[in-house]
Structure formats: C-alpha cells, structure tokens
Amino acid sequence: MDGMDPRESPPPRASRGPSFRGRLHDARTAVSLGRLLGAAIALCFVTGVLSHYLQRPPDWLADALPSRPVWGYRVTQGLHVASGIAAVPLLLAKLWAVYPRLFVWPAVRSVRHALERLSVGVLVAATVFELFTGLLNTVQWYPWPFSFVPAHFAVAWLLAGALVLHIAVKWPTIAAHWGRGSSGTRELPAADGPDRRALLTGVAAAVGAVTLTTAGQSFTPLKKLDLLAPRHPDHGSQGLPVNRTAAAAGVTAVPADWRLTVEGPRSYSLTYDELRALPQYETELPIACVEGWSKSARWTGVRVRDLLERAGAGPHARVRVVSLERRGAYRVMEMGAAYAGDPLTLLALRLNGHVLSADHGYPARIIAPNRPGVWQTKWVSGLEVL
Ligand SMILES: Nc1nc2c(c(=O)[nH]1)N[C@H]1C(S)=C(S)[C@@H](COP(=O)(O)O)O[C@H]1N2
Ligand SMILES: [Mo]
C-alpha cells in the first residue's frame, strides 16, 4: 500500500499504466477493510475446520467428539456460513481499494517484490475460490469436476497460510494505519476521512443486508427477513426443510416387511410396531445442515443406547447406521461413543407429533445432539454395534 498515499503527487503522465488518484485507494482504507475481512475469514476458517472434524473425525477422535451442547454445531455452522457470506462484500470492497496495485510499474522490482505479488495472487485466488464454492454449496449447485468437501478444505489451508504471510509482510503498514490516532493519520489532517467513513458505512450496510436476509435460515428469530437464503426454516414437509427427498435418494417405497436389524453380540430385529411398543422418548433437537440452514423440531422415538444395550453392546460402543438408500454418500454413517450413548440420541419415529414423512426418513431416522445434519441418517434399516 506504500506509495499509494493520495497526498503524494500523481505519477507523471508519461509513466506506464493507468494512474489512480481516487482518494480511497490508500493504505488506511485497505487496512480498515482488511481487518474486517480478516476477522470474517478467521471466523470462517475456525468454524470450517471444526465442522470438518465433526463430520470426518480421524479414528482416534471419533469417540471423543462431544454430544453437548446440543446446539453447538448449529451455532458454529451458522457462523461459518454467515461469516462466509459477510466476507463477500468485504472482499469486493477490499479488492476495489487495492486494485491499482495490480498495475504497479515496473511489474516486478526484485525477487522479494515478485514473491510478494505471487503470495497476494495466491491469497486472492484462494479467497475467491472458497467464497465462490462455499456459496454455491449452500444452494447445492456443483458446476465443477472436483469433489466439493476435500477441495474446499484443502484450499482453506492454502488461504490461511497465504493470509498469515500477507499479514506478516504488510505488518508495518497495518501497524501504521490500525487505529484512529495511528501514525498514518496523526501528522496530516485526513482530508479524505469523511469519504472513507462513507465507504465503510456503505460496506457495513452491505454486510448487514446480506447477513440479515440470510441468517434466518439458521437463526430462527430472523426468519421473517430470510429473503435471500436458499432455505426458509418453515418451508418443507412437516414444517422442516428437506435436504434430500425420498425420491432423490431413490427410497420410493419402504418394503412391507421392513424390520430394523440390530447386529451385535446378541443380534435381533424389530418390526415397526415392535419399535413403537418400546419405551418412547421425546426430545427437541435441531437438524443443522452443513449448508447453513438449521431448524429445531420435536422428535419422538427409541433411545439408540437402549437398542444397542439390548444387542449386548458395552457402554462405550460405537455404532454403524445403515440406510435403505441404495447409494449415496450418506447411506452409511458411524457414530462415536459419546453420541451413541447420549440419552438424547434417538432412532426417531415421529416428528412434531406425527409419523415421519417419506422425505424426513420414514420409517425411522437418527437424531442426535450437536451433530452435522449429514449424519442425521434417514430411512434407517439397521444398526451395527462396532
Ligand atoms: N440416508 C440419508 N440420510 C440423510 C441424507 C441423505 O442424503 N441420505 N441427507 C442428510 C442431510 S445432508 C441433512 S441436512 C438431513 C436433513 O434432514 P431432513 O431432510 O429430514 O430435514 O438429513 C440427512 N440424512
Ligand atoms: Mo445437510
């Protein structure tokens, strides 16, 4: 940003490339926007890494993942998607503030300068990639040949590394322009202060607008304002959004002789009526989809830990859950000991007092606390003690 101070005399006309005399292409503006964007990216990164390990824990972590607080994943994933969405206007403003740097001449002054430009290039590309793929994922649109989760996860680390490097390289500029009375502004009265304030107010308004019109998809008190989110918490069968319908999963008819099989030291199977005759429990738990929507509902069914105990499982057993679905990434799910043993984890038969609809997993589905929606397996056909 150095060399961009608008108070410096403009470059002579003969210099190569366009000249930028806009007052807000300066270091102070870049730092003001950069710290907001940096905060959004940091929050997005931390909640994203958390989500990744909750979804795909390495074996040594699987039994240690906590099933409380019940709303934990709802909050962290809500923040992940909200901070990603908020980062979009911040990124656009930041790129606008610094884009004249793209045209510096000579393009490369030294090896150090070349490396700095390269790292900024990686940072911008990784950030655009993350926000773009993440945003399209929230609408379940995947117009690319790679698989979303591993790519989004890998590039997140690239972004984090490039951001740390960028902050380190720019530290002198950042420190000089951080606060109101910082050395960057103390000596000269800031003639461009009102302009900068107007720009930042406009950016804040844009961030507020995109946040308020999307946060209702997971933060239900804001659902009336939920105009831009792909999901509305009230739209869907039985008043709950549906991610994958029964038709999309190919579970069009549940076999008339459906039974829940429970495999373990003492395997057994139960008909639907036999399941209903077992002690039923009720719990209020959210479905918290990784794509950013969440909604609480009242679930009724049989405790998973009771079913496992009856099959002879020990108190710290893991369980594998298998769905009627023929194929699909979520046909088989494994649940660590903390979830399987939690008294709130149910094989649910009812939703808000009614028999599950086909889209919500009839005849039976898993509902567990503090768990990504992808692992709330629908159309369950069997449990296996591991
Ligand atoms: N068998 C199976 N279960 C599944 C899925 C699936 O594709 N197949 N989708 C999961 C996802 S991604 C979510 S968010 C929740 C959504 O539950 P709902 O559609 O009942 O709201 O179901 C989960 N259970
Ligand atoms: Mo989901």
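Rules and cut-offs
- Here the residue index of a chain counts from 1 through its sequence in written order.
- To label them, take the chains in the order written and letter them from A, then take the ligands in the order written and number them from 1.
- Local features are withheld for residues below a pLDDT of 70 in this predicted model, meaning they are given only at 70 or higher, and side-chain atom pairs are given and counted only at 80 or more; totals for whole chains, interfaces and linings count all residues.
- The basis for every side-chain value is the complete set of heavy atoms in the structure, and neither hydrogens nor water enter the calculation.
- Labels follow the DSSP assignment, with helices taken as runs of H or I lasting at least four residues and strands as runs of E lasting at least two, numbered in each case from the N terminus.
- Two N or O atoms count as a polar contact when they lie within 3.5 Å, although within protein this holds only if one can serve as hydrogen donor and the other as acceptor, and sequence-adjacent residues are included solely when both atoms are side-chain atoms.
- Pairing of aromatic rings covers Phe, Tyr and Trp, the last counted by its six-membered ring, and requires centre-to-centre distances within 6.5 Å; plane angles under 30 degrees mean stacked, over 60 mean edge-to-face, and any other angle means tilted.
- Note on exposure labels: buried denotes an accessible area under 20% of the residue type's maximum, exposed denotes more than 50%, and partly exposed covers the range between, all computed with a 1.4 Å probe on protein chains only.
- A positively charged side chain is recorded as over a ring if its NZ (Lys) or CZ (Arg) lies within 6 Å of the ring centre. The angle to the ring normal must also be within 35 degrees.
- The nearness test applies per residue and asks whether one of its heavy atoms lies within 4 Å of the molecule or strand.
- Per-residue accessibility takes into account occlusion by the displayed protein chains alone, with areas from the Shrake-Rupley method and a 1.4 Å probe.
- Amino acids are sorted into nonpolar (Ala, Val, Leu, Ile, Met, Phe, Trp, Tyr, Cys and Pro), charged (Asp, Glu, Lys and Arg) and polar (every other residue, Gly among them).
- UniProt positions are given in the numbering used here, feature names are shortened, and annotations may be inferred rather than shown by experiment.

Novice: Which residues make up the environment of Arg244, and what values go with them?
Specialist: Its place among the elements puts Arg244 in the loop between α8 (193-212) and α9 (246-249). Measuring from C-alpha to C-alpha, the distance between Arg244 and His360 comes to 8.8 Å, with 116 residues separating the pair along the chain. There is a polar contact of 3.3 Å between the side chain of Arg244 and the backbone oxygen of Ala248.

Novice: So, the packing of aromatic side chains: which residues are in play, and what are the values?
Specialist: Counted under the stated rule, the structure contains eleven aromatic pairs. When the ring of Tyr53 is compared with that of Phe153, the centres are 6.0 Å apart and the planes differ by 85°; the resulting orientation is edge-to-face. Of the two residues, Tyr53 is situated in helix α1 (residues 27-55) and Phe153 in helix α5 (residues 148-169); the sequence distance between them amounts to 100 residues. Ring geometry for Phe153 against Trp157: centres 6.2 Å apart, planes inclined by 85°, an arrangement best described as edge-to-face. Linking Phe153 with Trp157, this pair stays in helix α5, spanning four residues, or about one helical turn. Trp157 gets classed as partly exposed once you look at its relative accessible area, which sits at 44%. By the ring-pair criterion, three or more aromatic residues cluster together here, those being Phe129, Tyr142, Trp144, Phe146 and Phe148. Over the face of the ring belonging to Trp178 we find Arg35, whose NZ or CZ atom lies 4.7 Å from the ring centre. Stacked on the ring of Tyr339, the Lys or Arg Arg371 has its end atom at 4.6 Å from the ring centre.

Novice: Tell me about the site of ligand 1, residues and numbers included.
Specialist: The local shell around ligand 1 holds 19 residues, among which Pro241, Glu325, His360, Arg365 and Lys378 are the closest. Between ligand 1 and Asn243 there is a distance of 3.1 Å, counted from an oxygen atom to a backbone nitrogen or oxygen. The side chain of Arg365 places a nitrogen or oxygen atom 2.5 Å from an oxygen atom of ligand 1. Contact with the protein chains hides 99% of the accessible area of ligand 1, taken as 530 Å² for the molecule alone. Split into classes, the residues belonging to the shell around ligand 1 amount to nine nonpolar, six polar and four charged.

Novice: Before we move on, can you summarise the UniProt feature "transmembrane region" (unreviewed entry) in the protein with the specific residues and values?
Specialist: Within the UniProt annotation, "transmembrane region" (unreviewed entry) is assigned to residues 33-55, 75-97, 118-136 and 148-169. With 100% helix and 0% strand, the stretch residues 118-136 has end C-alpha atoms that lie 27 Å from each other. In residues 148-169, the share of helix is 100% and the share of strand is 0%. The end C-alpha atoms are 31 Å apart.

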